Amino acid sequence: MTTEPPMTTTLTPDTTIDGVATLPPTEVDQPPAAESEVPEQEREVVFRLSEVEVFYGAARAVTGVDLDIARNEITAFIGPSGCGKTTVIRSLNRMHDLTPGARVMGTITYHGENLYSGKVDPAEVRRRIGMVFQKPNPFPKSIYDNIAYGPRINGTRKRSQLDDIVEHALTRAALWGEVKDKLKSSALGLSGGQAQRLCIARALAVDPDVLLMDEPCSALDPIATARIEDLMHELKDNLTIVIVTHNMQQAARVSDRTAFYTAEPDEEGRRVGKLVEYDVTETIFTKPGDPRTEGYITGRFG
Amino acid sequence: MTQVLDPPASGAAPEPPPPLVGGPRPPGYLADRTFRIVAVLAGVMVLVILALIIWVLFDNSLEWFREEGIGSVFSLDWAPNEGKYGAGALVIMTLMVAVIALLLAVPVSVGIALFINEIAPRRARLPIVFVVDLLAAIPSVVFGLWVLRQLASPLADIYADVHNLVKDVPILGDVFGDPSASGLAIMTAGIVVGIMIMPIVTAITREVFATTPASQKEATLAMGATRWEMIRGAIFPHSRSGVVAAVIIGFGRAVGETIAVALVIGSSQVLTENVFAPGDTLASIIANQFGEASGVQRSALIGFGLVLLAMTIVLGIIARSILRRANRRLGIA
């Protein structure tokens, strides 16, 4: 399973304030965010989205998304229901390919390559860019076979190799200790939190470069949520993580950067999601540049 | 609603609600009662009809059981001229026809179902479903006559070619043995029945495949699965029990199919392992011989109906238990 090292591009900051590089503000009509307190090194860009719009049939679900997602960071997408955050995260590993009528416009690059180029194999995209879903979705198979599924379809057949991958993935997902004695039993017998960590382990087993998490804790209790959040901190040393969350505290706790989306009526009165603000998480939560962001994070959503 | 009997004295506790028992009946009461009675009657009627069928079959076949003994169900000889009325050969040939039909129909049906659900463009789905369902609307006698007049002799040529190809291979040489010149054979019956059960098997497997949760499909795809890997990893495991159900239903239809089989199977009651030779099934022999039969033969033919019924029930029970065990292993049930 050797993959060639991914092409990399280095972000050239568009704006420099007092010699400190910051990400460009995402909306031109917004004043640049106040000087971020996190010093910026050169950030390696994994995803660059420019003018991304997603349509379901004729309906525009989300529009005007311009943002860069940096390597080994946790990027959170927050916003009210219908704001397009899930739609955007699903465009990052081409999950929309499977939805009849869904179209992604604009450009999304992944390590500098056009993700939606005709030459790109979507299966390979999804192997490198793993995904964890809102509801834990283990297969009705044993714990072992759940983890081994990805490596198997990617050509790993040798038992000893699979054993190593399974142990490693479960260890990384902080589940090994709980399940090592029952690898042969059905994954459907796990609790919700365990099942979600199993799904994370399953995604990690194919050694992805990015992990997309679509509201991974919304079906879990606070203790299970805390474990997953701890896990994300450990994983980010080797992974780039993008998380969609309804829980603002969670975004504040886990993420390095936060993108706030909202839904607003377009000219014809249909609600369309759009990116309002994207900045260092601390800035979003302490000195948001947009009144809509402030309204949302302070609970005065309007 | 609340009937105030005595006006409460000012400052007294509020009126208690009316008692649960003896109060006025809620508005839906009568309709619910009626529904209940109709549903129970319908449910009981199914059992009564089945019981009557079994009783009539048993009563009319009593002579066969009395004359030949219960062992004749398993006896392989059917020769009314010699007073031999065994059902065994016909049971086995019935199973042969059904197995051939299933071997042909199930893979094709699964393929059509997957094509419709996963590959065909949305707009093409309904027309394809319509065409497949239309196959089920063709009367079985039409199928039988079509195969008899158009397909039997080309099939005979194919059988001859296949036989020549494998005649020196140990077991295959016997199974695909000397073909009947007319093309009327167990294999031909299996093909007809296979075509006839395909629509129902397709319809059921399609429904079952469609119930695969999107989350399971997405789970496989999100790990880099191709479409075929998604089908194998998500759709098939989820659909196992449903496909078994489809096979059971297809099997029930296959063993019971009568007129088309009677027309193309060639009507020979001698047990053979050669699928290219003529045979007879429990259903087709009833159709072919009942008109001229009398006495024990007639009684035996009615008894075959009972055997057919028992066979379907037993196979259904076996299939269900296999299914339950498989599901328990998966931790589903």
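Residues numbered from 1 in each chain as written. Chains lettered and ligands numbered in written order. Predicted model: local features only at pLDDT ≥ 70, side-chain atom pairs only at ≥ 80, totals over all residues.

### Structural notes on the overall build of chain A
- In terms of helices and strands, chain A carries 10 helices and 13 strands.
- Put simply, chain A has 302 residues, and 45% of those count as buried.
- Nonlocal contacts in chain A, meaning residues at least 24 apart in sequence, comprise 70% of its contacts between residues at least 6 apart. (Helix = DSSP H or I, 4+ residues; strand = E, 2+ residues; numbered from the N terminus. Buried ≥ 20, exposed ≤ 12 C-beta atoms within 10 Å, placed from the backbone. Contact = placed C-beta atoms within 7 Å.)

### Some details on the interface of chain B and chain A
- Taken together, the contact between chain B and chain A spans 17 residues of the former and 26 residues of the latter.
- Mapped onto the side of chain B that touches chain A, the elements with two or more residues apiece are α7 (214-221) and α8 (227-256) of chain B.
- No other element matches α7 of chain B, which puts 5 residues into the side of chain B that touches chain A.
- Residue composition of the side of chain B that touches chain A, grouped by class: 8 nonpolar, 6 polar and 3 charged. (Nonpolar A, V, L, I, M, F, W, Y, C, P; charged D, E, K, R; others polar.)

### Brief notes about the environment of Ala 123 of chain A
- Summarising the element assignment, Ala 123 of chain A is placed in helix α2 (residues 122-128).
- Overall, Ala 123 of chain A belongs to the partly exposed group, with 19 C-beta atoms counted inside 10 Å.
- Here the alpha-carbon distance between Ala 123 of chain A and Met 95 of chain A, two residues 28 residues apart in the chain, equals 9.9 Å.
- The residues touching Ala 123 of chain A, leaving out its near neighbours within four places in the chain, are Gly 224, Ala 225 and Thr 226 of chain B.

### A short note on the environment of Met 311 of chain B
All names here are of chain B.
- The residue Met 311 is located in helix α11 (residues 295-330) in this model.
- With 19 C-beta atoms packed within 10 Å, Met 311 lands in the partly exposed category.
- Sequence spacing of Met 311 and Ala 185 is 126 residues, and the spatial spacing of their C-alpha atoms is 22 Å.
- In this view, Met 311 contacts Val 91 and Val 255; residues no more than four positions away in its chain are not counted.

### Section: the pairing of strand β10 (residues 210-214) of chain A
All names here are of chain A.
- Within β10, 5 of the 5 residues are buried, which leaves the element mostly enclosed by the surrounding structure.
- Bridging between strand β9 (residues 129-132) and β10 involves 4 bridges; their strand directions are parallel. Bridge assignment links Met 131 to a residue of β10, and that residue is Leu 212.
- Judged from the 5 bridges that link them, β10 and strand β11 (residues 240-244) form a sheet pairing that is parallel. Directly across from Asp 214, in β11, lies its bridge partner Val 244.
- Crossover β10 to β11 through helix α7 (residues 222-235) is right-handed. (Pairing = 2+ DSSP bridges. Right-handed = clockwise from strand over helix to strand, strands pointing away.)

### Digging into the environment of Phe 58 of chain B
- Within the secondary structure, Phe 58 of chain B sits in helix α1 (residues 29-68).
- Each C-alpha atom, one on Phe 58 of chain B and one on Leu 306 of chain B, is 7.0 Å from the other, the two residues being 248 residues apart in sequence.

### Regarding the nonpolar core
- Ranked by size, the top nonpolar core spans 156 residues in total, and within it Ala 201 of chain A together with Val 97, Ile 186, Val 192, Val 193, Val 261 and Phe 304 of chain B carry the most contacts.
- For this core, the leading source of residues is helix α2 (residues 88-119) of chain B, giving 16 residues.
- Non-local contacts of Ile 186 of chain B, meaning those with residues more than four positions away in its chain, are made with Met 93, Met 96, Val 97, Ile 265, Val 275, Ala 277 and Gly 279 of chain B. (Core = buried A, V, L, I, M, F, W, Y, C linked by C-beta atoms within 7 Å.)

### Considering the packing of helix α3 (residues 143-153) of chain A against helix α4 (residues 159-172) of chain A
All names here are of chain A.
- Contact pair α3 / α4: the axes reach a minimum separation of 9 Å and the direction vectors enclose 110 degrees. It follows from the interaxial angle that α3 and α4 lie roughly perpendicular. Residues Tyr 144, Ile 147, Ala 148 and Pro 151 of α3 lie in contact with α4, whose contacting residues are Leu 162, Ile 165, Val 166, Ala 169 and Leu 170.
- Residue composition of the contact of α3 with α4, by class: 9 nonpolar, no polar and no charged. (Axes fitted to C-alpha atoms, helices over the stretch in contact; angles between N-to-C directions. Parallel < 35°, antiparallel > 145°, perpendicular 65-115°, else oblique.)

### A few points about the pairing of strand β4 (residues 44-56) of chain A
Residue and element names in this part refer to chain A.
- Pairing of β4 with strand β5 (residues 59-70), which is carried by 8 bridges, proceeds in the antiparallel orientation. By the bridge assignment, Val 45 is partnered in β5 with Ala 70.
- Here β4 hands over to β5 after 2 residues, with Gly 57 in that stretch at a positive phi of 65 degrees.

### A look at the packing of helix α6 (residues 192-204) of chain A against α7 of chain A
Residues and elements named next belong to chain A.
- The contact between α6 and α7 brings their axes to 9 Å, and the two run at 20 degrees. Taken together, the axes of α6 and α7 are roughly parallel relative to one another. Crossing of α6 over α7 shows right-handed handedness. Across the interface between the two elements, Gly 192, Gly 193, Gln 196, Arg 197 and Ile 200 of α6 pack against Ala 224, Arg 227, Ile 228 and Leu 231 of α7. (Left-handed = near helix turned anticlockwise from the far one by under 90°.)

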